[in-house]
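Okay, here's what each chain looks like letter by letter:
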Amino acid sequence: MKVLVPIKRVVDPYTKVRPLADGSGVDTSGAKFEINPFDEIAVEEAVRIREKIGDVEITVVSIGKSECEEQLRKALAMGADKAILIESDAEFDSLSIAKELAALATELQPELILMGKQATDDDCNQVGQMLAAKLNRPQATFASKVEVSTSGVTVTRETDDGDETLSLPFPCLVTADLRLNEPRYIGLPGIIKARSKPLERRTPATTPVVKVRVVRVEAPPAREAGRKVSSVSELVSILKDRGAL
Amino acid sequence: MSRLLVIAFQPSDAVASAGFAASLGLPWDLLCLTGASDLDLGNEKIISANLDLIPPADGLATGLAKAIDGYSHIACVSSMQSKDFLARLAGTSDLAMVTDVVGIDSPTTFKRPIVAGSIIATVEVLSSPVAMTFRPAGFPKPARSGVSVQESITLETPSKATIVSRSVRGGARPDLSQAKVIVSGGRPLKDAETFERVIGGLADKLGGAIGATRAAVDSGIAPNEIQVGQTGKIVAPDLYIAAGISGSTQHMAGIKDSKIIVAINKDPDAPIFELADYGLVADLYDAIPAIQNEIA
Ligand SMILES: Cc1cc2nc3c(=O)[nH]c(=O)nc-3n(C[C@H](O)[C@H](O)[C@H](O)COP(=O)(O)OP(=O)(O)OC[C@H]3O[C@@H](n4cnc5c(N)ncnc54)[C@H](O)[C@@H]3O)c2cc1C
Ligand SMILES: Nc1ncnc2c1ncn2[C@@H]1O[C@H](COP(=O)(O)O)[C@@H](O)[C@H]1O
C-alpha cells in the first residue's frame, strides 16, 4: 500500500512571533522552523500503520523553498521511505497547494493520503478538504483514531460535541488531530539512516493562481492590563460589582 | 451581482449569523440544513433543506454545489463541522476561501487571526465567489426586522463514506460557544473525577459551561470537545475563569474575546496574569471552594 503525507515547514509553534515593522509579513528572523505539528502526527501515524501491517511505502512531500529539505529529512528520520521537495519560491494559497498536491497524487496513486488538519502558521484548515475534493476521494478530518483494513480505513474523528466514526474505502484522505498519537523521539541512528534515503527535488507541475492573498499583518488589539487581587472576597465583590456574578 | 448565502447547520447558527451579514452589508439568504429558522433576521429568503442528519462532507458538498449558484459570498459560522464541509465545497467548486473571519474591511478584504492569534492578517480575495467561516463574537447583533420568504429544497448528498456511529457528549451544561460563564481547568486538576468535582462544581454554581486546556485533555482529565484554544473551541463569554492554567499562546488564542478573564494560579509569574483582568495568586483547591462559599 502507498501512503502520501504532505508536510509543511512552519515557524516553531512555541516561538512568539511579531509582525514586521512595516506590516508586510511575519517576523520570523532567528526563529526555529519545524514540521507543522499536525503533519508530524500524520507522519507518525503512517509509520505506525507500516509497523502494524507491513507492506507500506510512505512518501512525504513538501511544497516550498529549498529549506523544506530540513523538515523532509526529519520525516525520513521518523521512518518515511522517500521524500519529494516541490521546490518553488512562488506564492501559493490553499487552493493552489491543493492543486499541486493533486497533480502529485494523480501520478503516485496512493491509496491513503494522511496529513495535518491545519498548519499552525496560517491556521487555515483547508488544504486537506480541498485536496480530497480535487481527487474526488472521501475524507475524514480531525482524526483521533485510524484503523486500516485491506479495503479502506475506519476513522474516529473529533466533532464539535463528541465524536463520529466513519468508514472510508480506498483511495481516501484523512487529516490528523492532536490526539491521534504522540510522535516518536528520533534517535541518532534514524537521523543517520535518513541521510541515505531518497529525496527528490522537482519543480511544480502547476502554475499557482492565487485567489487569497495576505496584504497586511498587525499585532492583535491588546487587552487592557489587568491587576492582581489579594483575596477571594475581593475578587467576588469586584465580579458582583461588574455584574458578572 | 453581490449576494451572501449563509449556510446554517442548525437554527442557532442562523441567529449567530445576522451580525456578520449586517456587517458585510450585502443582501442575503439563509440556507438551513436542519430545523427551522427565526423569520426576522434581516435576510430575504430562508431556504430549508430539512435534513434529519448532516451527511459526510463529500456528500454535502456535492449536494450544495448547485445551491450556491448566483451567490458571491458563501459563509458559515466557524466550527469543526463547517470547516470540514466548506473547505470541501471550496475544493469542489474551486472557490477562494477565508477561514475564521473576525473583521470585514470591504466585501473582498477581511481580517483573520493567524499563528495562534498572535497576529491579525488582512487578506484580500482576488476572485469571486468566496467561501468563508466567521467567528460571530466579532459582529454585533443588529436589531431584528422584516419577515423572510420561505422556500425548501431537496438535496441529493451521495457520499463514498459510511457513518458507523456518532456520539454526542455534553448534557445539562450550556454549550461552550454560547455560554455566558465558563470555568476552565488545566493540568493540575489530576483526574477526571477531580476535574468534574472542582471545575464542574463551580460551573454549575454559576450556571456556566466547562472548558479545559490541551494539557488537561491530553492527560484524560477532560473530554476533547471542551478543549479551548487555537486548535479547540474559540469562546467569548462574559466571564472566563481559568484555574490552574499557565496561559500558553495556544490557549489564550481561544479566550481573547471574553469580556472578563479571571486567572487563579499559584505561580505569581504565570504568563496568564499578563492577560487576565483579575489575577488571584492562590492554590485552586483552596480558592474554588472559597469562591463557592462567598457567592452562596
Ligand atoms: C500545535 C499546538 C496546538 C495547541 N493547541 C492548544 C489549544 O487549542 N488549547 C490549549 O489549551 N493548548 C494548546 N496547546 C498546548 C499549549 O502549548 C500548552 O501546552 C497548554 O495550553 C498548557 O496547558 P496547562 O496550562 O493546563 O498546563 P501547564 O502549562 O502545565 O500549566 C499549569 C499551570 O497550573 C499552575 N498550577 C499548578 N498547580 C496549581 C494549583 N494547585 N493551583 C493553582 N495553580 C496551579 C501552574 O503554576 C501552571 O501555571 C497546543 C500546542 C501545540 C504545539
Ligand atoms: N506548502 C505545503 N506543502 C505540503 N503540504 C502542505 C503545504 N501547505 C499545507 N500543507 C498541508 O495541508 C495541511 C493543512 O494546511 P492549511 O489548510 O494551510 O491549514 C497541512 O497540515 C499540510 O499537511
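Residues numbered from 1 in each chain as written. Chains lettered and ligands numbered in written order. Predicted model: local features only at pLDDT ≥ 70, side-chain atom pairs only at ≥ 80, totals over all residues. Heavy atoms only, no water.

### Here we look at the interface of chain A and chain B
The interface is formed by 76 residues belonging to chain A together with 80 residues belonging to chain B. The junction of chain A with chain B conceals about 6,700 Å² of combined surface from both sides, 53% of it contributed by carbon and sulfur atoms. Run the count over chain A and chain B and you get 11 salt bridges. Taken together, the links from chain A to chain B amount to 47 residue pairs in polar contact (both at pLDDT 80 or more). Ranked by residues supplied to the side of chain A that touches chain B, first place goes to strand β11 (residues 162-169) of chain A with eight residues. (Contact = heavy atoms within 4.5 Å. Buried area = accessible area lost by both parts, 1.4 Å probe. Salt bridge = Lys/Arg side-chain N within 4 Å of Asp/Glu carboxyl O. Polar contact = N/O pair within 3.5 Å; in protein donor to acceptor, adjacent residues only side chain to side chain. Helix = DSSP H or I, 4+ residues; strand = E, 2+ residues; numbered from the N terminus.)

### Focus: the packing of helix α2 (residues 57-64) of chain B against helix α3 (residues 80-93) of chain B
All names here are of chain B. Contact geometry of α2 with α3 gives a least axis separation of 9 Å together with a crossing angle of 55°. When the interaxial angle is binned, α2 and α3 end up oblique. For the pair α2 and α3, the sense of crossing is right-handed. Along the contact surface, α2 presents Ala57, Asp58, Leu60, Ala61 and Leu64, while α3 presents Asp84, Phe85, Arg88, Leu89 and Thr92. (Axes fitted to C-alpha atoms, helices over the stretch in contact; angles between N-to-C directions. Parallel < 35°, antiparallel > 145°, perpendicular 65-115°, else oblique. Left-handed = near helix turned anticlockwise from the far one by under 90°.)

### A word on the sheet that holds β11(A)
The 10 strands lie next to each other as β13(A)-β7(A)-β6(A)-β1(A)-β8(A)-β12(A)-β9(A)-β10(A)-β11(A)-β11(B), forming an open sheet whose pairing is mixed. Because the sheet does not close on itself, it has two edges, and the strands there are β13 (199-202) of chain A together with β11 (162-168) of chain B. For this sheet, the mean angle separating the axes of adjacent strands, direction not counted, is 30°. Here strand β6 (residues 57-64) of chain A runs beside strand β7 (residues 82-87) of chain A; their pairing, made up of six bridges, is parallel. Bridge assignment links A:Ser62 to a residue of β7(A), and that residue is A:Leu85. Along the sheet, helix α2 (residues 69-78) of chain A makes contact with β6, β7 and β13 of chain A, crossing β7(A) at roughly 165°. (Pairing = 2+ DSSP bridges.)

### Quick notes on the site of ligand 1
Of all residues adjacent to ligand 1, which total 28 residues, the nearest are B:Arg187, B:Thr213, B:Thr231, B:Ser246 and B:Gln250. The environment of ligand 1 is shared, with nearby residues belonging to chains A and B. The contact in question runs from an oxygen atom of ligand 1 to an N or O atom on the side chain of B:Ser248, over 2.9 Å. Here ligand 1, which alone exposes 990 Å², has 86% of that area covered by the protein. (Near = heavy atom within 4 Å. Areas by Shrake-Rupley, 256 points an atom, 1.4 Å probe, with all protein chains shown as cover.)

### Here's the deal with unusual backbone geometry
Here the bond from A:Phe170 into A:Pro171 is cis, since omega is -5°, no more than 30 degrees from zero. Mapped onto the secondary structure, A:Pro171 falls in the loop between β11 and β12 (172-176). Following B:Ser128, the chain continues to B:Pro129 via a peptide bond in cis, the omega torsion being 0°. By secondary structure assignment, the location of B:Pro129 is in the loop between β8 (119-125) and β9 (130-134). Within the chain, B:Asp94 stands out as a residue other than glycine whose phi angle is a positive 55°. In this structure, B:Asp94 sits in the loop between α3 and β5 (96-101). On the basis of relative accessible area, B:Asp94 is assigned to the partly exposed category, the value being 27%. Unusually for a residue other than glycine, B:Val115 sits at a positive phi of about 40°. (Buried < 20%, exposed > 50% of the residue type's maximum accessible area, 1.4 Å probe, protein only.)

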